[in-house]
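# Architecture and fold: a report
Below, each chain spelled out in residue letters.
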Amino acid sequence: MPLHAAEIIAVGSELLGSARVDTNSLYIADRLSALGIELRLKHVVGDEPGDLASTVRQALARVDVIVLTGGLGPTDDDLTRDVVSAVLERPLTIDERIVQAIQARFARRGLEMPEMNRRQAQVPEGALVLDNPNGTAPGLFIDHHGQAVVLLPGPPREMQPMFDRVCEGPLAERAGDERIFRTSLFLTGLGESHVEQLAQPIYARYRGATPPVATTILAAMGQVELHLSVRDRDQPRALAVLDRVRAELLAALGSHVYSSDGRAMEEIVGERLVSRGWTIAAAESCTGGLLMSRLTDVAGSSAYVRAGVVAYDNADKIALVGVPAVTLQQHGAVSEPVAIAMAEGIKARTGADVTVAITGIAGPGGGSAEKPVGTVVIAVLAPGRDAFVRTFQFIGARTQVKYQSTQAALNRIRLMTVDV
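Remember, it's a predicted structure, so these values are computed and weren't measured experimentally.

## A short note on helix α13 (residues 398-416)
- Helix length check: α13, at 19 residues, gives a terminal C-alpha distance of 27 Å against a target of 27 Å (1.5 Å per residue), a fit within 8%.
- All of the buried residues along α13 are V401, Q404, S405, T406, Q407, A408, A409, L410, N411, I413, R414 and M416.

Written out as structure tokens, the structure is:
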């Protein structure tokens, strides 16, 4: 039977704390998806054999592919091999070829292999050994009554090339001819519920299409993501269905969609500036240079980025970007007149075509009843367009307010560089 569904089990008590995060599952999920194998569940299990055993048993009852990462080291708390061997009732034996390979690895460093490393040469009955050129722990592939159980080391540098070989070999051979096809829309300026209100009547019609379209709406910081997927063996048919639903969604959601190909907002803005032959400069206060950092994260941004000034203190707003002292005194630093003055000031000093200013209260302190934390004012000047200035009220912690501020500013630049 073709393999259709998978679970990932990340093993290690360190992954249950705050110091380590399971990133392997992202890589594994992407590779499985390319084979048409749908990831159903992900687990993080500590170094407790009973918990791991019950998780493996439950996975065996649900899916046909189980991928375990971690717990293949030489120490007593590396229990993945032992637990899987017991659950599958496949006795462990020492593979002397693995022992020799580990010994050779230590010898190349002028060291003698500790006896405890022999644990890593234990192989469940019938398992295929996956060589590990980047570490001492080999991986294991077990065909268990038609189900695939894969054991991989935790370090990504070791895990990734080993899993690639599994995907190109035994998993590819059993994956069947269905594949998963995906497309995504990225929006900003609308909340998740507003996106759902506009999108649901459209994507609901495609749930029963041939093939059916699965939809996920995800709220992220400063944006909403709309992910569409189709599972089918007929690629042209799947892509045609995705194209139809995407076209309808684009028509309904309009300019709120800033990307339909996965590119980030700063890439889209950079492309727009290049197409106009425009340059950009910014005067930032509460965002502390984050806007310019995002713009210059894009390769080739030197073609359009002129300068950025972080004028945090009022004295520097006056000295560096020319905000009139009287404007600050009358309206305060977080105000629309000051934001416009900052944008005009950086334009006068750089000659950039597009200038943007951000001033606000990122928190957690500094707010007032009149201007609470999260109050941010954004101003943008662009050729042939009326000056834009608006006061926003963002929610969240300091980092979130700063990011949302730059996202709103970049989005306004995007909109002001269309059809001028």
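So much for the structure itself; the text now carries on.
## What about the side chain of T183?
- Here T183 shows up in strand β9 (residues 179-187).
- Among the polar contacts made by the side chain of T183, one reaches the side chain of R246 at a distance of 3.1 Å.
- Beyond its immediate stretch of four places on either side in the chain, T183 contacts L226, H227, L228, L242, R246 and S260.

## Observations concerning the sheet that holds strand β15 (residues 354-360)
- Ordered in space as β14-β13-β15-β16-β17, the five strands form an open sheet in which the pairing is mixed. Bordering the open sheet on either side are β14 (305-310) and β17 (388-393), each of which pairs with just one other strand. Within this sheet the neighbouring strands show an average axis-to-axis angle of 10 degrees, counted without direction.
- Pairing geometry for strand β13 (residues 280-284) and β15, over five bridges, is parallel. Directly across from E284, in β15, lies its bridge partner I358.
- The sheet contacts of helix α12 (residues 336-350) involve β13, β14, β15, β16 (375-381) and β17, and relative to β15 the element is tilted by about 140 degrees.

## Some details on the environment of D297
- Following the sequence through the fold, D297 ends up in the loop between α9 (290-296) and β14.
- Sequence separation of D297 and L249 is 48 residues, and the distance between their C-alpha atoms is 30 Å.

## Some thoughts on unusual backbone geometry
- Cis rather than trans, the peptide bond between T210 and P211 has omega equal to 0 degrees.
- Turning to its location among the elements, P211 is positioned in the loop between α6 (192-203) and β10 (213-220).
- Of note, the bond from G363 into P364 is cis; its omega dihedral lies within 30 degrees of zero at 5 degrees.
- Residue placement: P364 occurs in the loop between β15 and β16.
- In this structure, E89 takes a positive phi of about 55 degrees despite not being glycine.
- Relative to the helices and strands, E89 is located in the loop between α3 (80-88) and β4 (92-94).
- For H145, which is not glycine, the phi torsion reads 55 degrees and is therefore positive.
- By relative accessible area, which is 72% here, H145 ends up exposed.

Cut-offs used in this document
Residues numbered from 1 in each chain as written. Predicted model: local features only at pLDDT ≥ 70, side-chain atom pairs only at ≥ 80, totals over all residues. Heavy atoms only, no water. Helix = DSSP H or I, 4+ residues; strand = E, 2+ residues; numbered from the N terminus. Expected span 1.5 Å × (residues − 1). Buried < 20%, exposed > 50% of the residue type's maximum accessible area, 1.4 Å probe, protein only. Polar contact = N/O pair within 3.5 Å; in protein donor to acceptor, adjacent residues only side chain to side chain. Contact = heavy atoms within 4.5 Å. Pairing = 2+ DSSP bridges. Axes fitted to C-alpha atoms, helices over the stretch in contact; angles between N-to-C directions.

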